[in-house]
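Chain by chain, the residues:
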Amino acid sequence: MKYVSAPYWWDDAPREQMDDVELCDKLDAVVIGAGYSGLCTALSLARGGVSVIVVDAEFIGYGASTRNGGMVGPSFHKLGVAGLKNKFGNDRANAMLKESVGFVDFMENFLKAEEIDAKFSRTGRFRGALKPAHFDAMAHELEILKQATNINARMISKSEQSAETGSPLFHGGIVYDYDGCLHPAKYHDGLVQRAIDAGVLIAPETAVTDIEKTPAGFIVKTTRGNIRTFQVAVCTNGYTKPVTKDLRRRVLPIRSAMIATEPLPADLMKTVMPKGRMYGDSRRLVAYYRPSPDGSRILFGGRASGLDDNPKANIRDLRASMLEVYPQLSDIGISHVWSGRVAYTFDHVPHLGRFGGGKDDGLFYAMGYCGSGVARSSYFGTKLGLKMLGKEEGATAFDDLPFETRPLYNGNPWFMPAMLTWHRIADKLRL
Ligand SMILES: Cc1cc2nc3c(=O)[nH]c(=O)nc-3n(C[C@H](O)[C@H](O)[C@H](O)COP(=O)(O)OP(=O)(O)OC[C@H]3O[C@@H](n4cnc5c(N)ncnc54)[C@H](O)[C@@H]3O)c2cc1C
């Protein structure tokens, strides 16, 4: 099989080498990580009159922000409404849910206001139920969710589902009408441009190796020199390194991978994804799939087995997962395979704020989007910048949540491969 080991998105938004910027000795703020979180943080800061540099250890757009599936949704996490209320109380849970429903509107308005052409579209999302019990659970969850939010979603019975999906695997499912999609790398390119226009300095190949606290602020030590600064924002998500070791202990890096198929015959594409929505399902082993923006191919994603990139294994596993959903694709070739890192958290919610105590004391951060970070990171980054400016508009329903870790966990999730294997078996046995 002949395939390219790089994101499909980079075909029409290639990663271009950016010019090096001179590292100033002194700046108001340093942002670590040039993905959506870091760029949105820096944009807020620069527009608030702050001198700011974004540094990235790799080329600009190396991280998950140019590798993702481009699905935009409110991302209700694994806890479910009841779990969220149990953990955070009724009022806080309701506030988080309401704010999350607004993330898609936020993205649409943000892209419009910034005039970024990222091929945003409100396609809606279909989530298939693997078995009747999953359908009932989805219907129950939707009822509670509707009491807490104004979410626009509806159940689709098995007899109606052929209008939504050409998959024979499901026992009905749910449609979230408000969800949408974008082209992740074009969005990232647009953000980089807006940040530069606003006066943000962006430094590729500049890894932060140490952060020293001083009476006046911080000295950020990088592979290209030191920067004295008043504020530091850590926006490194699934790539968080030991240099911010307290934050690293609070996120679980997981590799997520995707494949793109060769173009499908138009009539096959129409039967497989009749409405061109975003798709997912209730299998334990996460899978997400969508048409390419031109509607010609299927982009299919899921969890990769290890933390390192392994294109061969990713093609094998993702193709098998895709054929389970769409057996009619057995003759279609794979053109691209790629992967990147996401970050989960112990309480299944994303986090932002200012770290208190330990080595990372005083650092601002936004991370832990639990695999659904396109809208979340853009929203959290924007809010984080406003917080750093001391503005009230920086407040969110996610403020001041305890950012949990576990004893002996140092940022290396050695137990993940075993968990993924268990999920794979449980899916097969329909547990
Ligand atoms: C394959 C895949 C599919 C996905 N699909 C979706 C989807 O469909 N919808 C959705 O909502 N989300 C999706 N996500 C998740 C989403 O892409 C991420 O949550 C989001 O992009 C996180 O953005 P970020 O800016 O926080 O981090 P990133 O974009 O990952 O950027 C972090 C950056 O920090 C840099 N860095 C780390 N340490 C240092 C250091 N010490 N010094 C300097 N730089 C450093 C890294 O080099 C990296 O570039 C997907 C992710 C992947 C990998």
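Before any of the text, the structure's been laid out above.
Just so we're clear, the structure is a prediction, and the values are computed from it rather than from any experiment.

K.L.:
What exactly am I supposed to notice about the site of the ligand here?
P.N.:
Lining the immediate surroundings of the ligand are 39 residues, of which Ser-37, Asp-56, Ser-65, Gly-69 and Val-374 lie closest. Between the ligand and Tyr-36, the relevant distance is 3.0 Å, taken from an oxygen atom to a main-chain nitrogen or oxygen of the residue. The separation between a nitrogen atom of the ligand and a polar main-chain atom of Gly-373 is 2.9 Å. Within the residue set of the shell around the ligand, elements represented by two or more residues are α1 (36-47), β12 (251-261), β16 (334-345) and α10 (374-388). No other element matches β16, which puts three residues into the shell around the ligand. Split by residue class, the shell around the ligand holds 17 nonpolar, 17 polar and five charged.

K.L.:
Where do I start with the nonpolar core in this structure?
P.N.:
If you look at soluble globular proteins, the nonpolar side chains tend to sit buried side by side. Of all hydrophobic cores here, the largest spans 63 residues; its most connected members are Val-52 and Tyr-187. The element contributing the most residues to this core is α1, with seven residues. Residues contacting Tyr-187, with those up to four places away along its chain left out, are Tyr-36, Cys-40, Met-107, Phe-110, Leu-111, Ile-116, Ala-118, Leu-182 and Ser-378. Counting 28 residues, the second-largest nonpolar core is a separate cluster that includes Val-175, Ala-257, Met-273 and Ile-334.

K.L.:
Would you explain the packing of α1 against helix α6 (residues 184-197) in this entry?
P.N.:
A pair of packed helices is characterised by two quantities: the angle between their axes and the separation of those axes. At a closest axis distance of 9 Å, the pairing of α1 and α6 adopts a crossing angle of 25°. Taken together, α1 and α6 sit at an angle that is classed as roughly parallel. Two packed elements cross with a definite hand, and for α1 against α6 that hand is left-handed. Every residue of α6 that contacts α1 at Tyr-36, Leu-39, Cys-40, Leu-43 and Arg-47 is listed here: Pro-184, Tyr-187, His-188, Leu-191, Val-192, Arg-194 and Ala-195.

K.L.:
Even after reading the chapter, I still don't get the packing of helix α2 (residues 80-88) against helix α3 (residues 90-101), so can you show me in this structure?
P.N.:
Where α2 contacts α3, the axes come no closer than 7 Å and their chain directions differ by 130°. Comparing the axis directions of α2 and α3 gives the class oblique. Handedness of the crossing formed by α2 with α3: right-handed. Along the contact surface, α2 presents Val-81, Leu-84, Lys-85 and Phe-88, while α3 presents Asn-90, Arg-92, Ala-93, Asn-94, Met-96 and Leu-97. Looking at the contact of α2 with α3 residue by residue, the class counts come to six nonpolar, two polar and two charged.

Conventions used here
Residues numbered from 1 in each chain as written. Predicted model: local features only at pLDDT ≥ 70, side-chain atom pairs only at ≥ 80, totals over all residues. Heavy atoms only, no water. Near = heavy atom within 4 Å. Polar contact = N/O pair within 3.5 Å; in protein donor to acceptor, adjacent residues only side chain to side chain. Helix = DSSP H or I, 4+ residues; strand = E, 2+ residues; numbered from the N terminus. Nonpolar A, V, L, I, M, F, W, Y, C, P; charged D, E, K, R; others polar. Core = buried A, V, L, I, M, F, W, Y, C linked by side-chain atoms within 4.5 Å. Buried < 20%, exposed > 50% of the residue type's maximum accessible area, 1.4 Å probe, protein only. Contact = heavy atoms within 4.5 Å. Axes fitted to C-alpha atoms, helices over the stretch in contact; angles between N-to-C directions. Parallel < 35°, antiparallel > 145°, perpendicular 65-115°, else oblique. Left-handed = near helix turned anticlockwise from the far one by under 90°.

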